Amino acid sequence: MAGATVAWVSANTSVATVDGNGLVESAGQGATNIVVTAGSTASASVGVMVEQVPHTVVLSEPPDSLAVGDSIQLTAQAFDALGSAIADVTFEWSSSDTAIVTVDQRGWVRAMAGGSAEITASAGTTASAVAEITAVQVPHTVVLSEPPDSLAVGDSIQLTAQAFDALGSAIADVTFEWSSSDTTIAAVTQDGWVDGRSAGSVEITVGVGDLSAFRSLVIYRDQDNPDERAALEAFYYATNGPEWKNNTNWLSDKPVGQWYGVETDDSGNVVGLDFNKNGLRGRLPVELADLSNLKKLFLWGEWGGEPDLTGPIPPELGALSNLTVLVLGNNELTGEIPPELADLANLTRLSLDQNRLTGPIPPELGRLTLLTVLRLNDTRLDGPIPPELGNLVGLRTLTIQSHSLAGPIPPELGRLRNLTTLVLTGYGISGVIPPEFWNLSKLEWLTLSYTGLTGSISPRIGNLANLRVLQLVQAPGDFGRRGAGFTGSLPSELGRLSDLLGLRIGHHAFTGPLPPELGNLSNLRHLIIAQAQGGQSRDGIGLTGAIPEELGKLNSLEALWLDSNHLSGPVPAGLGSLARLIDLRLGNNDLEGRVPDAFLDLDLEQFQWQNNPLCLPATPAFRAWRGRIRTAIGPYCAANTIAAVEGARGPWTIASPISVEPLARCKAPWRSANTETGKPGQAERVVWTGGGGRVMHDPSIGCPSHRPGPP
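Quick look at the structure, then.

Cut-offs used in this document
Counting from 1, residues in each chain are numbered in the order their sequence is written. Per-residue local features of the predicted model are confined to residues with pLDDT of at least 70, and side-chain atom pairs are confined, for both listing and counting, to 80 or more; whole-chain, interface and lining totals are unaffected and use all residues. The basis for the side-chain values is all heavy atoms of the structure; hydrogens and waters are excluded. We treat two strands as partners when DSSP finds at least two bridges between them. By the criteria applied, helices consist of DSSP H or I runs no shorter than four residues and strands consist of E runs no shorter than two, each listed in order from the N terminus. Lines fitted to C-alpha atoms define the axes here, with helix axes fitted over just the stretch in contact, and angles between the N-to-C directions of these axes take values from 0 to 180 degrees. The criterion for a disulfide is a pair of cysteine sulfur atoms lying within 2.5 Å. Relative accessibility under 20% of the residue-type maximum defines a buried residue, over 50% an exposed one, and the middle range a partly exposed one, all with a 1.4 Å probe and only protein chains included. By this rule the span expected of a helix is its residue count minus one, scaled by 1.5 Å. By definition, residues are in contact when any of their heavy atoms lie within 4.5 Å. Should a side-chain nitrogen of Lys or Arg be within 4 Å of a carboxyl oxygen of Asp or Glu, the pair is scored as a salt bridge.

A few points about the sheet that holds strand β5 (residues 42-50)
Read across the sheet, three strands follow the order β1-β4-β5 without closing on themselves; strand pairing throughout is antiparallel. Both edges of this open sheet fall to β1 (6-10) and β5, since each of them pairs with a single strand only. This sheet shows a mean twist of 15 degrees between the axes of neighbouring strands, independent of strand direction. Bridge count for strand β4 (residues 30-38) against β5 is nine bridges, and the pairing is antiparallel. In the sheet register, G30 faces β5, and the bridge partner there is V50.

Set out below in structure tokens:
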């Protein structure tokens, strides 16, 4: 309608506006209606949808550089044409060179190699932004070239270094700083050239920034001490060096410090010879005394096969005034111990074990006041133990074993208050244990075995609070044959030795009960108290009474031997709770009754209960249990009675029968007269006589439990 007046209106001006001419302009994202009216009678409308389209993209500020191996996350923001931020825009990230810089779709950028690359974030096809990332190689590790172990004085060698970034790529053109821990021994230039200046050990270090690497070098003299080299050559030939197991570099032009088993100090002097089972054969040469700087002489043989070192110990070794360790054990050296060894004033360890040495122990050894270890085991030394050894107050280990020794133990040994290990063995050692021994409170190991010692064990043994192993063992029959062995009762004070791991007492003449206080030894692993020999207890000798219930508290126990005593009564059921027990020996006692059902919980490897009126229940459970034990010696129980008794009071019953045992094991006065075989399918019967009576019984029943009376 020409000439009519119209009006334009936007229903939501925050989305779009309209002017008087109908020109619509967007204002924000959303939807609205544009309405036009003509007068008051006519109108019309149209819907308008406004959307934000990315017009520009802005990236977060990247770092000036990024170290290879490092990562950083960039962020992007898109804006529309009016400069309003657009939410929830999905960007496409890309790198212009992924060999240098990579980027994932979350904007995480990682430097891969030195160089520059552009990271682009695109918002569709209408807008994008670019950031340049500079990746730099930063030293992460430094590796130094492997030099030789040693360098002669006056010689030079160039070391090289290489730096690597965090991804393991080599970095070129790195400036390193070189240094020496002692420039009087070796100097190093900034090009890595090392010059040997004097004998000694030195560290060469190379660094860059906070990183460094180092190598140790030994600088040695061009010429070894000719006297020492000659002494080593004499040692080589005297001990069959060409046949040693290892003779690397011996007799070569290399410094003697590079010869196998030879140790030198910073000045190149020989300070150690260390050969352990290297096949040395022959005699020790006197030229060893020319190694005047020697501190350690360790020549441990192999013992077995061809002879090891033989012949005497050269007395000239006493001139090695710097010697601190002299070990010549496990060889076949002969002759006497040279008294000249007492001149080794700096000696701390002397070990001459397992040789054929004879003669007396030199009393002069008592002058070695710095000695901490003296070992003279398995020799043929004779005579008394010198009381002068009591002067070695720093001694921690003293072991002397020779069956040719004679005489009492010197009470002066009780002055060795630092002893932790004391072992004395020898049939000729006589007398009693010196009471001074009970003051050796630091002792951890005490062995007085296979000696001629007699007397009782003092209750003061409880003073040895640190004792871990106690061994008092004789050879079978020593008490009856030589009168050797301890008597009396076992002191209850043994129960105070709370650290004890092993208690072994054998073939003595102890009597009385087994102390229940032993049940306090919660750490004990081995309790061995077997008194007699040959599987039989001796009349009047051996422990008596019941096995203490308290032994059931020894939860660490692995071995319990109480065989060949006169222990009686039932076996305590509490022993069945010893979960670690694997070896239990109760044979040759007077124990009676049945093995307790609690034993079914034990996982034993050895169990002996023979020669007792004690039996194993013949139930399926016990038979299966016995079948799992590697060594089981003893009888099953049986409910049978003796078949007949002729000419004696009866009837005879069997309280604790023995089955499938040799007939000779039944105690006197019963003896086997003859055997009779019954009808097919019946068990063999045995005829017994003794005490005026005659008994026939099935061997599955076992020995008679009563002696026959008069007819």
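From this point on, the discussion continues.
Section: the state of the cysteines
Overall, the coordinates contain one disulfide when judged by the stated rule. Each sulfur in the disulfide pair C615 and C637 lies 1.7 Å from the other. Linking C615 and C637, the disulfide has an S-S dihedral of approximately 95 degrees and is accordingly described as right-handed. Taken together, the positions of C615 in strand β54 (residues 614-615) and C637 in the loop between β55 (631-633) and β56 (644-646) put the pair 22 residues apart, joining distant regions of the chain. An identical accessibility class is assigned to C615 and C637; each is buried.

Topic: the sheet that holds strand β20 (residues 170-171)
Overall, antiparallel pairing links the three strands, which are arranged β16-β19-β20 in an open sheet. Among the strands making up the open sheet, the edge pair consists of β16 (141-144) and β20. The sheet contact formed by strand β19 (residues 161-164) and β20 spans two bridges and is antiparallel. Residue pairing across strands places F164 opposite A170, the latter belonging to β20.

Topic: the pairing of strand β23 (residues 193-196)
A one-sided burial pattern is seen for β23, the buried positions being V194 and G196 and the unburied ones W193 and D195. Pairing between strand β18 (residues 156-158) and β23: three bridges, direction antiparallel. Across the sheet, the residue bridging to I157 is V194, located in β23. Taken together, the three bridges between strand β22 (residues 186-188) and β23 define a ladder with antiparallel strand orientation. Residue A187 lies in a different strand from β23, and its bridge partner there is D195.

What to know about unusual backbone geometry
Within the chain, N240 stands out as a residue other than glycine whose phi angle is a positive 65 degrees. By the element assignment, N240 lies in the loop between α1 (226-238) and β26 (262-264). Taking relative accessible area as the criterion, N240 reaches 31% and is therefore assigned partly exposed. Residue N588 is not a glycine yet carries a positive backbone phi of 60 degrees. With relative accessibility at 6%, the residue N588 sits in the buried group.

Quick word on α1
In this model α1 runs 18 Å from its N-terminal to its C-terminal C-alpha over 13 residues, within 8% of the 18 Å that 1.5 Å per residue would give. Inspection of α1 places E228, A231, L232, A234, F235 and Y236 among the buried residues, and these make up the whole buried set. In this fold, the buried residues of α1 make contact with β26, β27 (270-276) and β29 (296-300). In the stretch just after α1, N240 is the one whose phi turns positive, near 65 degrees.

Notes on the pattern of salt bridges
Pairs may arise between side chains of opposite charge once their charged atoms sit close together. For the structure shown, the criterion picks out 10 salt bridges. Of the charged contacts in the structure, one is a salt bridge between D274 and K296, with a shortest N-O distance of 3.0 Å. Placement of D274 in strand β27 and of K296 in strand β29 is noted, with a sequence separation of 22 residues between them. Note on D274: relative accessible area 32%, which makes it partly exposed. For the salt bridge of R356 with E332, the shortest nitrogen-to-oxygen distance reads 3.2 Å.

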